[in-house]
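Structural characterization, general
One letter stands for each residue in the lines below.
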Amino acid sequence: MTTPQAPSSDELTDLRQRYRLERERRVRPDGALQYRATEAEFGYYAADPYAGEPTERVPLHDTVDVAVVGGGFGGILAGARMRQQGVRRVRIVEKGGDFGGTWYWNRYPGIHCDIESHVYLPLLDETGYVPEWKYAPGEEIRRHAVRIAEKFDLYPDALFSTGVTSLTWEETSETWMVTTDRGDAFRATYVVTATGTLSEPKLPGIPGIEDFTGHTFHTSRWDYAYTGGTPDGGMTGLAQKRVGIVGTGATGIQVIPMLAEDAGHVLVFQRTPSTVDVRANRRTTARDVGADQDGWARERRENYLRIVSGESTEQDLVADRWTMSAGLLEKLLPSFRRQGDRADFEAAYEAADAAKMNELRTRVERTVTDQDTAEKLKPWYRYACKRPTFSDKYYPAFNRDNVTLVDTADTHGIERVTEHGVVVGDTAYELDCLIFATGFSVGTSGIHSGKLPVHGRSGTQLLHAWARQGPRTLHGFTSNGFPNLVQMGSLQNASSVNFTHVLDEQAVHAAALVAAAEAKGALFEPTREAEDAWIAALAEDSPDHEWFHAECTPGYYNREGRGRPNGPIAYPHGASAFHELLKQWREESMGGILQARSTTPPAWRPTSVAPNG
Ligand code: NDP
């Protein structure tokens, strides 16, 4: 790779102006309200196409040790780490028909993870599995989720095609009552919520969307019964069809080249182009990744986490476009480790950003032969404004005769859906099929939206308890008034682009809390003082990225152009440092979180210690 040229100061001034204009073209007054949830009349878009009719079963009224809400990687890892601590009855409750979470739902053609598989797939050391590709296809990832669940014996107690409807702390038994939409009402000594951040597909609120009489679905519920084929292609059902696809984010750029190969004609309705960097996927051997060494996967993912969290390391084991561009991701990170003069840093950062974005725009020009199409595909914003994407097949797809790019930036997206297609500007496009690659309600868990009510001590609802001062937690996981409850996710902790790594550290932590409570016959519940101290620690060093996001093109990173980074305040020193802090806290007798029980503790005792604990 040639090093991108540093831009001159005149060039930087022009770029700033161009970025501002492009942002103004896209900001909508309705912000996040432009979207529609896939429920009620649009519930069809979120139905499970893989599970078939749910089989009848008798509702459960028993007692388990740990109930886990959600069977994606978060829930599976919680289950696995609980098992390593000797917990016997772990019941994972999952809406889908099997384990896998995002990898259960998303099976669209071309699906791959764009984080290296050797750091993304969790528990590789423990399962002995070595991925075969640098970037694994979705089905391999889904099968790995199943592999972990089988290895840690999580199937016997699991409930699939079942949604948890409430969690209620019962003072007399000091257990949680868990109810579900299948009539279950069972007790659990501990509850872990792992409901995911990309679990609720969303639709654009385009007028007339309900009038379309052709076929339509969301990418996270791909309808192979209609298209034919598999995630590897072969969609013979589309051979004579005019297919419209809305959305060119990380999903769209994987799907579009596959549609281009199989469909009669593909119309790509783009609002904001993504940055599309080099993918370079390839087969890998165990030797390439040092998989003959004990602990190889743990070492590799630690190395990756440090680099993408802005830390310097002696070597870059993964060496891909995420790690090479890690310095430009600073505005996405809670980490704020830069030393020295801030103004100097910002100037150097902007120049490096401009050089990278020039390189990416040149990539479009060099690949797409029609220069009018190439111009429309160029991204005009700073690198960290939108989630970076990676593909070597996306741009070449636009050189095919059966692919048309329709830019909708001037009309803030598709204006109208009609019975027969869509309207943009003065043009109506007739379609047989309209596919929405329009993403998810990011970060909205049922607990925080109120769909899943959580009642703690004295019947207090979690959302009511947080209504006045906002979320209150210790480390993002536990809250006063809600004993023996661990919330996994991205609240008041530290996240990373390699989210499965973050989830695994959270699972280790949850299992350690349960084991410690069991060993002492205690409950875990932080004091209000511990919550205050944690929130103050987050606020104290929190970096100010607001101005950066205020100048970005709209998207879910900046609340559709509102400026404030999406998501709650996070630990400012990065994910690696956060994991170290948790480990120390666990080793130093858990900061007084254990409280005496007034009832008899359950019968089991931990039998082993988690290797990472
Ligand atoms: P995104 O939210 O990233 O993208 C949605 C797309 O829909 C955007 O291009 C958006 O345009 C477009 N859109 C929305 N409304 C309209 C409209 N009215 N008219 C035209 N276009 C519209 O969703 P994705 O599913 O692509 O990705 C979501 C997340 O999932 C990613 O950010 C990533 O975290 C994860 N993911 C990860 C993958 C991986 O390999 N690890 C692969 C796929 C997804 P605009 O930008 O203008 O809003």
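Here goes a summary of the coordinates provided. Just so we're clear, the structure is a prediction, and the values are computed from it rather than from any experiment.

Quick look at the overall build of the chain
From N to C terminus, the chain includes 19 helices and 21 strands. Taking 2.2 N^0.38 as the reference for a compact globule, 613 residues should give roughly 25 Å; the C-alpha atoms of the chain span a radius of gyration of 24 Å, in line with that estimate. Principal-axis analysis of the C-alpha atoms gives the chain an extent of 75 × 60 × 55 Å. Within the chain, contacts between residues at least 6 apart in sequence are counted, and of these 73% link residues at least 24 apart. Counting every atom, the chain has about 25,100 Å² of accessible surface; 49% of that belongs to carbon and sulfur. Across the chain, the centroid of the 66 positively charged side chains sits 1 Å from that of the 83 negatively charged ones.

Digging into the site of the ligand
Every one of the 25 residues lining the ligand counts as a neighbour, but D114, T251, T272, K386 and Y556 are closest to it. Separating an oxygen atom of the ligand from a backbone N or O atom of G249 is a distance of 3.5 Å. Residue contributions to the shell around the ligand peak at three residues, all from helix 8 (residues 250–262). Of the residues in the shell around the ligand, the class split is eleven nonpolar, ten polar and four charged. Lining the shell around the ligand are residues from two domains, each supplying at least three of them: domain 1 (63–200 + 442–596) and domain 2 (203–279 + 342–436).

A short note on the pairing of strand 3 (residues 90–93)
Neither face of strand 3 is exposed, since V90 and I92 on one face and R91 and V93 on the opposite face are all buried. Inspection of the sheet shows strand 2 (residues 63–69) paired to strand 3 by four bridges, in the parallel sense. Bridging across to strand 3, A67 finds its partner in R91. Taking the sense of rotation as the criterion, the β-α-β connection linking strand 2, helix 2 (residues 73–84) and strand 3 turns out right-handed.

Here's the deal with the sheet that holds strand 8 (residues 215–218)
Pairing within the open sheet is parallel, and its five strands lie in the order 8-17-9-10-13. Lying at the two open borders of the sheet, with one neighbouring strand each, are strand 8 and strand 13 (403–407). The sheet shows a mean angle of 20° between the axes of neighbouring strands, taken without regard to direction. Across five bridges, strand 9 (residues 242–246) lies against strand 10 (residues 265–270) in parallel orientation. Counted as the bridge partner of I245 is V268 from strand 10.

Describing the packing of helix 16 (residues 499–520) against helix 19 (residues 575–587)
Running from amino to carboxyl end, helix 16 crosses helix 19 at an angle of 10°, the nearest separation of the two axes being 11 Å. On the basis of their axis angle, the class for helix 16 and helix 19 is roughly parallel. Within the contact between the two elements, helix 16 uses H501, V502, E505, V508, H509, A512 and L513 and helix 19 uses H579, L582, W585 and R586. Here the residues of the contact of helix 16 with helix 19 sort into six nonpolar, three polar and two charged.

Description of unusual backbone geometry
Phi at A280 takes a positive value of approximately 50°, unusual for a residue other than glycine. Of note in this structure, S458 is not a glycine but carries a positive phi near 55°. Among the secondary structure elements, S458 is positioned in the loop between strand 18 (454–455) and helix 15 (462–466).

Quick word on empty space enclosed by the protein
The tally for this structure, following the rule as stated, stands at two cavities of 30 Å³ or more. For the largest cavity, the lining is made up of 14 residues, of which L123, L124, D125, A297 and R301 are closest to its centre. Secondary structure elements with two or more residues in the lining of the largest cavity: helix 4 (117–120), helix 5 (124–127) and helix 9 (296–308). The residue inventory of the lining of the largest cavity, partitioned by class, reads six nonpolar, two polar and six charged.

Here's the deal with the packing of aromatic side chains
In the structure shown here, the tally under the stated rule is 25 aromatic pairs. Note on Y394 and Y395: the rings are 5.5 Å apart at their centroids and 50° apart in plane angle, and the pair reads as tilted. The residues Y394 and Y395 share a single accessibility class, namely buried. Both rings, one in W534 and one in F578, keep their centres 6.0 Å apart while their planes meet at 40°; by these two values the pair is tilted. A residue pair is termed long-range when its members are at least 10 positions apart, and W534 in helix 17 (residues 528–540) and F578 in helix 19 qualify at 44 residues. Clustering of aromatic rings is evident, with ring pairs tying together F42, Y44, Y45 and F436.

Rules and cut-offs
- Residues numbered from 1 in each chain as written.
- Predicted model: local features only at pLDDT ≥ 70, side-chain atom pairs only at ≥ 80, totals over all residues.
- Heavy atoms only, no water.
- Helix = DSSP H or I, 4+ residues; strand = E, 2+ residues; numbered from the N terminus.
- Rg over C-alpha atoms; globule rule 2.2 N^0.38 Å.
- Contact = heavy atoms within 4.5 Å.
- Areas by Shrake-Rupley, 256 points an atom, 1.4 Å probe, with all protein chains shown as cover.
- Lys, Arg positive; Asp, Glu negative; His and termini not counted.
- Charge placed at Lys NZ, Arg CZ, Asp CG, Glu CD.
- Near = heavy atom within 4 Å.
- Polar contact = N/O pair within 3.5 Å; in protein donor to acceptor, adjacent residues only side chain to side chain.
- Nonpolar A, V, L, I, M, F, W, Y, C, P; charged D, E, K, R; others polar.
- Domains from an automatic or database assignment.
- Buried < 20%, exposed > 50% of the residue type's maximum accessible area, 1.4 Å probe, protein only.
- Pairing = 2+ DSSP bridges.
- Right-handed = clockwise from strand over helix to strand, strands pointing away.
- Axes fitted to C-alpha atoms, helices over the stretch in contact; angles between N-to-C directions.
- Parallel < 35°, antiparallel > 145°, perpendicular 65-115°, else oblique.
- 1 Å grid on protein atoms, 1.4 Å probe; cavity = no way out; pocket = protein on both sides within 12 Å on 5 of 7 lines; lining within 4 Å.
- Points joined across faces, edges and corners; volume = space filled by probe spheres on them.
- Phe/Tyr/Trp six-rings, centres within 6.5 Å; stacked < 30°, edge-to-face > 60°.

The analysis is restricted to geometry; functional conclusions fall outside its scope.
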